[in-house]
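The chain contents come next:
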Amino acid sequence: MASTKSYSQFIALDPEAVWQVLGDPSRLPEWHSGYRSVSLHDPIQVGGRGAYVQTHKIAGPLHRRLAPPFEITIVDAGRHLQLTQPEPVGAAVIDFRLTPATSGCVMTETVTTTATSGTMSRTLLAGTPHLTDRADFARLAHLAGLAPADDALNVVIAGGSGALGRHLAADLSCRGHRPVILTRSPDTATPFEQIEWDGRTVGDWADVLTADRPTAVVNLAGKLVDCRPTERNVARLRDSRVNATRALVTASKQRDTPIRHWLQASTTAIWSDAGEQWCTENTPLPDGLPQMTGVAQPWEDAVEGAHSDHLVILRTSIVLDGQAPAMKRLADLTRAGLGGRVGSGRQWFSWIHIDDWLAIARAALGLDPDITIPDGVVVGASPNPVRNTELMAALRRALHRPPAPPTPAPLLRLGAIVLRTDPALGLTGRRARSQVLVDVGFEFRFPELDGALADLLGRSGRGQWVTPAGVTAGASAADPH
């Protein structure tokens, strides 16, 4: 069985500069989180051989003991490097390409594995290194010499250690901007500047907002909603968002000049269970479920008074990201034959591909010369939401699985108790789309669910990012809000 995974990222450097690092396989562990070590037995040329050990906990030790050397099968200086790794009853082809683009290049890694039979072969090939962390692209760009210019935009990302924050930080870094992450738990492995904060009060971290340089704020801070809807949990969800937002607003007022752009996260779940109603930027808010409207509305209200020239409140729908735990869980359940509708199956599922979310975020930060997003609320959702029945059918098509029995609502509620989550997350929905994005001429790269899933899951049912020149891709079926 063959499987292909492809991941791409725009980098604001000439291909020749990136090639100085990419063209030397022995440097892979310096930037690629999939490799623990690489050694070359021969010069870098077609036919040259070497050995790698991947970071995968199971496949790495097995590979080191059992796999023969890899062979360099393509070297096209400045453009293309390919390694072919034989494995027991299978093989992996690891392909790196650099494509020139306006003001830089697009780096693409494509990994194709073929396992004919055998559990050990499939285990080894499952651990073949591939780019699952967009920060790897940022590490590559930094090693190749990319550094922010003196006038680069300083983007302060509150909650930047979460999935969307990591994607955005890496994307901005690869484009020559300066992301700064505000986090409660700094990570020594991240390649981005981090500043510790408590998410509640104004402290020394506020200096990053008051520095005399072009500055933007992206506020993604807040606990995940995947918890039981108890009064205590709802209060924690609300406070984690409101307190962080108020601290940022207070800190912004210490600046002599306004923040250039402020991107405030919110969620389409603010409309709670909206039934058949279309939810756009002008749709009134309901008296909805406490874990949805009761959390999101105070979150949005808390940004009032921010010292900013431009402020966009982005109500994000479910972000589809092939590497996110929720997406993997849905895919695994579907592969296991549990990909049937949930409850009635009529609840609406609004979604957006991670590529399109990043494109909206860049435009909201004033970084897209072709798109100007006005102040106010913007709905971050594909123009084509689907019902739960259609979602599960699309997943089965993407993963080549047969029809599956439904999950009745009572069974889901019971499972939610065991998993300590909220059954409303699966039994309610919104039919959301953006009129603002239509008016400004924004074009979705993935307007249809089948195309989005094909890109994220691949023809063989494995996660992938595929990006044309100048557009960024990445790896979340998760509403982080």
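All figures in this text were calculated on a predicted structure; none of them were measured in a lab.

**Some remarks on the overall build of the chain**
- Helix and strand counts for the chain come out as 16 helices and 20 strands.
- By residue count, 54% of the 481 residues in the chain fall in the buried class.
- Within the structure as shown, the chain displays about 20100 Å² of accessible surface, and the carbon and sulfur contribution to it stands at 51%.

**Points about the confidence of the model for the chain**
- For the chain, per-residue confidence averages 87 on the pLDDT scale, and 87% of positions sit at 70 or higher.
- In the predicted structure, residues 461-481 sits below a pLDDT of 50 and forms 119 contacts with residues beyond four places in sequence or in another chain.

**Details of a nonpolar patch on the surface**
- Together, I44, V46 and V75 make up an exposed nonpolar region whose accessible area comes to about 220 Å².
- Within the fold, I44 resides in the loop between strand 2 (35-40) and strand 3 (49-54).

**Describing the pattern of salt bridges**
- Scanning the model with the defined rule gives 11 salt bridges in all.
- Residues R139 and D136 are paired through a salt bridge, measuring 2.7 Å at the closest nitrogen-oxygen approach. Of this pair, R139 and D136 both sit in helix 5 (residues 135-143), separated by 3 residues, roughly a single helical turn.
- On the basis of relative accessible area, R139 is assigned to the buried category, the value being 19%.
- When its relative accessible area of 0% is taken as the criterion, D136 is described as buried.
- One connected set of salt bridges, linked through shared partners, spans D171, R175 and R362.

**Considerations on unusual backbone geometry**
- A positive phi angle, near 65°, is found at S103, a position not held by glycine.
- Mapped onto the secondary structure, S103 falls in the loop between strand 6 (90-101) and strand 7 (104-115).
- On the accessibility criterion, S103 (63% relative accessible area) is exposed.
- Positive phi outside glycine occurs at H400, with the angle close to 55°.
- Tracing the backbone through its elements, the reader meets H400 in the loop between helix 12 (388-399) and helix 13 (409-419).
- Looking at H400, the relative accessible area reads 58%, which means it is exposed.

**What to know about the packing of helix 8 (residues 231-252) against helix 9 (residues 293-301)**
- Where helix 8 meets helix 9, the axes come as close as 9 Å, and the angle between the chain directions of the two elements is 10°. As the angle between them shows, helix 8 and helix 9 are arranged roughly parallel. Contact residues: helix 8 offers V234, L237, R238, R241, V242 and T245, while helix 9 offers G294, V295, P298 and W299.
- When its residues are assigned to classes, the contact of helix 8 with helix 9 shows 6 nonpolar, 2 polar and 2 charged.

**Some remarks on the sheet that holds strand 4 (residues 70-76)**
- Here 7 strands make up an open sheet; going across it, the order is 1-7-6-5-4-3-2 and the pairing antiparallel. Looking along the sheet, the strands with just one partner apiece sit at the ends: strand 1 (2-11) and strand 2. Within the sheet, the average angular offset between the axes of one strand and its neighbour, ignoring direction, is 20°.
- As judged from the 5 bridges shared by strand 4 and strand 5 (residues 80-87), these two strands associate in the antiparallel manner. Residue pairing in the sheet places E71 in a bridge with T84 of strand 5.
- Packed onto the sheet, helix 5 meets strand 1 and strand 7 and runs at close to 50° relative to strand 1.

**Comments concerning the packing of aromatic side chains**
- This structure, assessed with the given rule, holds 5 aromatic pairs.
- Aromatic pair W31 and F96: ring centres 6.3 Å apart, planes at 70°, arrangement edge-to-face. Pair noted here: W31 is in helix 2 (residues 28-31) and F96 is in strand 6, with a separation of 65 residues, a long-range link. The residues W31 and F96 share a single accessibility class, namely buried.
- With a centroid separation of 6.0 Å and an interplanar angle of 25°, the aromatic rings of Y52 and F70 are classed as stacked. Taken together, the residues Y52 in strand 3 and F70 in strand 4 connect sequence positions 18 residues apart.

**As for the nonpolar core**
- Counting residues in hydrophobic clusters, the biggest one holds 67 residues, and the most contacted among them are I11, W31, F96, M107, W357 and I373.
- Per-element tally for this core: the top contributor is helix 11 (residues 354-364), with 8 residues.
- Look past the residues within four positions of M107 in its chain and what remains in contact with it is Y7, S8, Q9, I11, L22, W31, F96, R97, L98, L131, F137 and L140.
- Counting 23 residues, the second largest nonpolar core, distinct from the first, contains V156, V217, I259 and I313.

**Here's the deal with the pairing of strand 8 (residues 154-158)**
- Counting buried positions along strand 8 gives 5 out of 5 residues, so the element sits mostly inside the fold.
- Of the strand pairs in this sheet, strand 8 and strand 9 (residues 178-183) are connected by 5 bridges, and their pairing is parallel. From the neighbouring strand, A158 faces strand 9, where its bridge partner is L182.
- Read as a crossover between parallel neighbours, the route from strand 8 over helix 6 (residues 163-174) to strand 9 is right-handed.
- Both strand 8 and strand 11 (residues 215-219) contribute to a ladder of 5 bridges, which runs parallel. Note on strand 11: the bridge partner recorded for I157 is V218.

What counts, and where the lines are drawn
Residues numbered from 1 in each chain as written. Predicted model: local features only at pLDDT ≥ 70, side-chain atom pairs only at ≥ 80, totals over all residues. Heavy atoms only, no water. Helix = DSSP H or I, 4+ residues; strand = E, 2+ residues; numbered from the N terminus. Buried < 20%, exposed > 50% of the residue type's maximum accessible area, 1.4 Å probe, protein only. Areas by Shrake-Rupley, 256 points an atom, 1.4 Å probe, with all protein chains shown as cover. pLDDT = per-residue confidence, 0-100. Contact = heavy atoms within 4.5 Å. Patch = residues over 30% accessible without salt bridge, like charges linked within 9 Å, V, L, I, M, F, W, Y side chains within 5 Å. Salt bridge = Lys/Arg side-chain N within 4 Å of Asp/Glu carboxyl O. Axes fitted to C-alpha atoms, helices over the stretch in contact; angles between N-to-C directions. Parallel < 35°, antiparallel > 145°, perpendicular 65-115°, else oblique. Nonpolar A, V, L, I, M, F, W, Y, C, P; charged D, E, K, R; others polar. Pairing = 2+ DSSP bridges. Phe/Tyr/Trp six-rings, centres within 6.5 Å; stacked < 30°, edge-to-face > 60°. Core = buried A, V, L, I, M, F, W, Y, C linked by side-chain atoms within 4.5 Å. Right-handed = clockwise from strand over helix to strand, strands pointing away.

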